[in-house]
Amino acid sequence: SITSARYGNLNVKIEGGEDILTKQLSKNTNALFESITDRDKMIQEYIEKEKERQNLKQDFISGFTHDLKVPIIAQDNTYDLLLNENFGKLTDKQKIAIQNLKISNNDLKELVLNLLDVQKYENGALCLNKESVELNQLINEIIEQNKSIFTIQNKNIIFNSNNNEVFYNLDKFLFKRVLNNLISNSITHSKDSKNIEINLTQNKDNIKISVKDEGRGIDETDINNIFEKYYTASKKYSNTSTGLGLYISNKIISSHGGKITAKNNESKGATFTITLPL
């Protein structure tokens, strides 16, 4: 019986001996086994309840963020219509007010989309729908889509490529999320500088896409942690206060078999580089 208990079977009963000491020892041992078994059941019940609670929380967050996304995007489109004066002429003060609203709304949109992607990734639902994508065209699309934000933020986006046609098999939608996160980071952390540089290079081994800014750079104490989940604070190099932008970007690129690295530039600012193997 003791041997059975040693290998995890706590349902055994220790038979008592002839003398009082052995009988008492057997009784105490059986009571100990019962106590351990009861405690194990309690722990298992707690674990099941905790799993159920976590699932409910995840479902709530997923549903909530998904419902938030639609009006945020609709609002963003409305701001563009107003700024393009589709509803009539605007005064300079009105334009500045709407531009500031658009910046805030864009930050909120990025936060919600990042949160949705994290939920999908951690629930195993972030599936890659790969297709052959021409990367020069993709980057130009992103620049064009963010044109109003660049103008409002007074940023000059410089795009360089060493090849007119660079094709890669990837999930276009998720890859755009990554580049949007990196560009948004560069804008956030280069308030006092104008230029943001995107470089696309291809060689026989890999494809690299780098986003370089002229901002304040990354604290050396933070540089090894910025891709961790929830690693954040306003002083940290992270897209929003949730600390999810760089985290999900890293996971998306890893899912493609690539990696993201970050480093400080020799002069000022920082560069984030996506490396995709060929």
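Residues numbered from 1 in each chain as written. Predicted model: local features only at pLDDT ≥ 70, side-chain atom pairs only at ≥ 80, totals over all residues. Heavy atoms only, no water.

Visitor: Which residues make up helix 4 (residues 135-145), and what are the values?
Guide: Among all positions of helix 4, only L135, N136, L138, I139, I142 and I143 are buried. Viewed end-on, helix 4 has its buried residues packed into an arc of 165°, placing them on one side of the element. (Buried < 20%, exposed > 50% of the residue type's maximum accessible area, 1.4 Å probe, protein only. Helix = DSSP H or I, 4+ residues; strand = E, 2+ residues; numbered from the N terminus. Arc of directions from axis to C-beta.)

Visitor: How would you explain the packing of helix 3 (residues 92-122) against helix 6 (residues 172-188) if you had to name every residue and give the values?
Guide: Running from N to C, helix 3 and helix 6 point in directions that differ by 135°, and their axes come no closer than 11 Å. In terms of orientation, helix 3 and helix 6 fall into the oblique class. Crossing of helix 3 against helix 6: the hand is left-handed. Mapping the contact onto sequence places E110, L113, N114 and D117 in helix 3 and L174, R177, N180 and N181 in helix 6. (Axes fitted to C-alpha atoms, helices over the stretch in contact; angles between N-to-C directions. Parallel < 35°, antiparallel > 145°, perpendicular 65-115°, else oblique. Left-handed = near helix turned anticlockwise from the far one by under 90°. Contact = heavy atoms within 4.5 Å.)

Visitor: Give me the lowdown on the nonpolar core, citing residues and values where you can.
Guide: Membership of the largest hydrophobic core comes to 43 residues, with the highest contact counts inside it found for L135, F175, I198, I209, F272 and I274. Element by element, the count of residues in this core is highest for helix 6, at 7 residues. Filtering out sequence-adjacent residues up to four positions away, L135 remains in contact with V166, Y168, L170, F175, L200, I207 and I209. Counting residues in each nonpolar core, the second largest holds 6 residues, with L83, L90, I98 and I103 among its members. (Core = buried A, V, L, I, M, F, W, Y, C linked by side-chain atoms within 4.5 Å.)

Visitor: So what's going on with the sheet that holds strand 5 (residues 206-213)? Residues and values would help.
Guide: If you trace the 5 strands from one edge of the open sheet to the other, you get 2-4-5-7-6, paired in mixed fashion. Looking at which strands have only one partner, the edges of the open sheet turn out to be strand 2 (156-161) and strand 6 (259-264). Sheet twist, expressed as the average angle between the axes of neighbouring strands with direction ignored, equals 15°. With 7 bridges joining them, strand 4 (residues 195-202) and strand 5 adopt antiparallel strand pairing. The residue of strand 5 that forms the bridge with L200 is I209. Running over the sheet, helix 7 (residues 245-255) touches strand 6 and strand 7 (270-277) and is turned about 135° from strand 6. (Pairing = 2+ DSSP bridges.)

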